[in-house]
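# Coordinates in review
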Amino acid sequence: AYRVLKPQGELKIAEVASRFSNVDVFIEVLAEIGFNFVKKDDTNKMFIMLDFIKAQPQKQRKSRLINVSDLLRPCTYKKR
């Protein structure tokens, strides 16, 4: 998303709430790679909506390497 969005472009994420191990760390990681956090809507019990704006390019961005499995769990569905 960072590569294809223009500066000030909007990134909207809608994800199943149960996938997040820690939403705040997820938001921090996106901030480190160049997105400004706008808002979080967690009023729905099944989904979390996150809004970001792509920041102006910086000369040097550094981000910590994080294992994706530490941020997002796999989707598991119940058989009905």
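The chain appears in an unreviewed UniProt entry as Ribosomal RNA-processing protein 8 from Acaulospora morrowiae. What the UniProt record of the chain gives under Function (unreviewed entry) is the line "S-adenosyl-L-methionine-dependent methyltransferase that specifically methylates the N(1) position of adenine in helix 25.1 in 25S rRNA. Required both for ribosomal 40S and 60S subunits biogenesis. Required for efficient pre-rRNA cleavage at site A2." In its Subcellular location (unreviewed entry) section, UniProt records this for the chain: "Nucleus, Nucleolus".

## Concerning the pairing of strand β3 (residues 47–54)
Bridge count between strand β1 (residues 10–16) and β3: seven bridges; the pairing is antiparallel. Each residue of the ladder has a partner; that of Ile13, found in β3, is Leu50. Here six bridges tie strand β2 (residues 35–41) to β3, and the two strands are oriented antiparallel to one another. Counterpart to Phe35 in the pairing with β3 is Lys54. In this antiparallel pair of consecutive strands, β2 and β3, the connection spans five residues.

## Topic: the environment of Arg19
Inspection of the secondary structure assignment puts Arg19 in the loop between β1 and α1 (23–32). Considered as a pair, Arg19 and Leu72 are 53 residues apart in the sequence and their alpha carbons are 5.1 Å apart. With residues near it in sequence (within four places) discarded, Arg19 still touches Leu71, Leu72, Arg73, Pro74 and Cys75.

## Looking at the nonpolar core
Counting 15 residues, the largest nonpolar core has Ile13, Phe20, Phe26, Leu50 and Phe52 as its most contacted members. Of all elements in the fold, only β1, α1 and β3 reach the threshold of two or more residues within this core. Sort the elements by how many residues they give to this core and α1 lands first, with five residues. With sequence-adjacent residues up to four places away left out, Phe52 is seen in contact with Gly9, Glu10, Leu11, Ile13, Ile27, Leu30, Phe35, Asn36, Phe37 and Val38.

## Quick notes on the packing of aromatic side chains
Within this structure, the stated rule accounts for four aromatic pairs. Where Tyr2 meets Phe35, the ring centres are 5.7 Å apart and the plane angle is 90°; that geometry is what we call edge-to-face. Highlighted residues: Tyr2 in the segment before β1 and Phe35 in strand β2, separated in sequence by 33 residues. Residue Phe35 is classed as buried on the basis of its relative accessible area, which comes to 2%.

## Structural notes on the environment of Ala55
Mapping Ala55 onto the fold places it in the loop between β3 and α2 (68–71). Ala55 sits 22 residues away from Ile33 along the chain, and the two C-alpha atoms are 9.3 Å apart.

Parameters at a glance
Residues numbered from 1 in each chain as written. Predicted model: local features only at pLDDT ≥ 70, side-chain atom pairs only at ≥ 80, totals over all residues. Heavy atoms only, no water. UniProt positions renumbered as here; feature names shortened; annotations may be inferred. Pairing = 2+ DSSP bridges. Helix = DSSP H or I, 4+ residues; strand = E, 2+ residues; numbered from the N terminus. Contact = heavy atoms within 4.5 Å. Core = buried A, V, L, I, M, F, W, Y, C linked by side-chain atoms within 4.5 Å. Buried < 20%, exposed > 50% of the residue type's maximum accessible area, 1.4 Å probe, protein only. Phe/Tyr/Trp six-rings, centres within 6.5 Å; stacked < 30°, edge-to-face > 60°.

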